[in-house]
Amino acid sequence: MPKSKVRKKSAYTPPEGVLQARSTQPRALQPSPRWFAPVMVGLMLIGLLWIVVYYVAGDQIPFMVSLSAWNFAIGFGAMVAGLIMSMRWR
């Protein structure tokens, strides 16, 4: 049985727009400002303290009684804001 001819594949060349987009250098990431870490840790601690105070003495503090279940949203919201800041910290 005769052998078939082997076709040589041409080298792949990407479209023009792709080469130009990759040639640009990514910008260097700047370190975070000095205030960033204390604010991040402060938000996490404030959220934790808010929830602890609500559990321990929430029925004796008038504005916490009026907020009722929103105290959890405030506490966890502050902690989540600190956590999101920790992902952006350099």
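Residues numbered from 1 in each chain as written. Predicted model: local features only at pLDDT ≥ 70, side-chain atom pairs only at ≥ 80, totals over all residues. Heavy atoms only, no water.

Caption draft 1: Layout of the overall build of the protein chain. Along the backbone of the protein chain there are four helices and zero strands. Counting from the amino terminus, helix and strand elements in the protein chain follow one another as α-α-α-α. Compactness check: the protein chain gives a C-alpha radius of gyration of 29 Å against a globular reference of 12 Å for 90 residues, more than 25% above the reference. Projected onto its principal axes, the C-alpha positions of the protein chain cover 95 × 40 × 20 Å. Within the protein chain, the proportion of its 90 residues that are buried is 14%. Of the roughly 8200 Å² that the protein chain leaves accessible, carbon and sulfur atoms contribute 67%. (Helix = DSSP H or I, 4+ residues; strand = E, 2+ residues; numbered from the N terminus. Rg over C-alpha atoms; globule rule 2.2 N^0.38 Å. Buried < 20%, exposed > 50% of the residue type's maximum accessible area, 1.4 Å probe, protein only. Areas by Shrake-Rupley, 256 points an atom, 1.4 Å probe, with all protein chains shown as cover.)

Caption draft 2: Up close: the packing of aromatic side chains. Applying the stated rule across the entire model yields five aromatic pairs. Taking the centre distance of 5.7 Å and the plane angle of 55° together, the rings of Trp35 and Phe36 count as tilted. Using a relative accessible area of 53% as the deciding quantity, one classes Trp35 as exposed. A relative accessible area of 12% places Phe36 in the buried class. Measuring from centroid to centroid gives 6.1 Å for Trp50 and Phe63, while their planes differ by 55°, and the two rings are tilted. Taken together, the positions of Trp50 in helix α2 (residues 36-57) and Phe63 in helix α3 (residues 62-67) put the pair 13 residues apart, joining distant regions of the chain. (Phe/Tyr/Trp six-rings, centres within 6.5 Å; stacked < 30°, edge-to-face > 60°.)

Caption draft 3: The arrangement of a nonpolar patch on the surface in detail. On the surface, a nonpolar cluster with roughly 600 Å² of combined accessible area is contributed by Val41, Leu45, Leu48, Val52, Tyr55 and Val56. Along the chain, Val56 turns up in helix α2. (Patch = residues over 30% accessible without salt bridge, like charges linked within 9 Å, V, L, I, M, F, W, Y side chains within 5 Å. Salt bridge = Lys/Arg side-chain N within 4 Å of Asp/Glu carboxyl O.)

Caption draft 4: The packing of α2 against helix α4 (residues 70-88), seen in detail. Following both chains from N to C, one finds α2 and α4 inclined at 160°, their axes separated by 8 Å at the closest point. For the element pair α2 / α4, the angle class is roughly antiparallel. Here α2 runs over α4; the crossing is left-handed. A breakdown of the residues in the contact of α2 with α4 according to their chemical character gives 18 nonpolar, five polar and one charged. (Axes fitted to C-alpha atoms, helices over the stretch in contact; angles between N-to-C directions. Parallel < 35°, antiparallel > 145°, perpendicular 65-115°, else oblique. Left-handed = near helix turned anticlockwise from the far one by under 90°. Nonpolar A, V, L, I, M, F, W, Y, C, P; charged D, E, K, R; others polar.)

Caption draft 5: Summary view of the side chain of Ser32. Residue position: Ser32 is located in the loop between α1 (16-23) and α2. Taking the relative accessible area as the measure of exposure, Ser32 reaches 18% and is therefore buried. Looking at Ser32, its side chain comes within polar contact range of the main-chain nitrogen of Arg90, at 2.9 Å. (Polar contact = N/O pair within 3.5 Å; in protein donor to acceptor, adjacent residues only side chain to side chain.)

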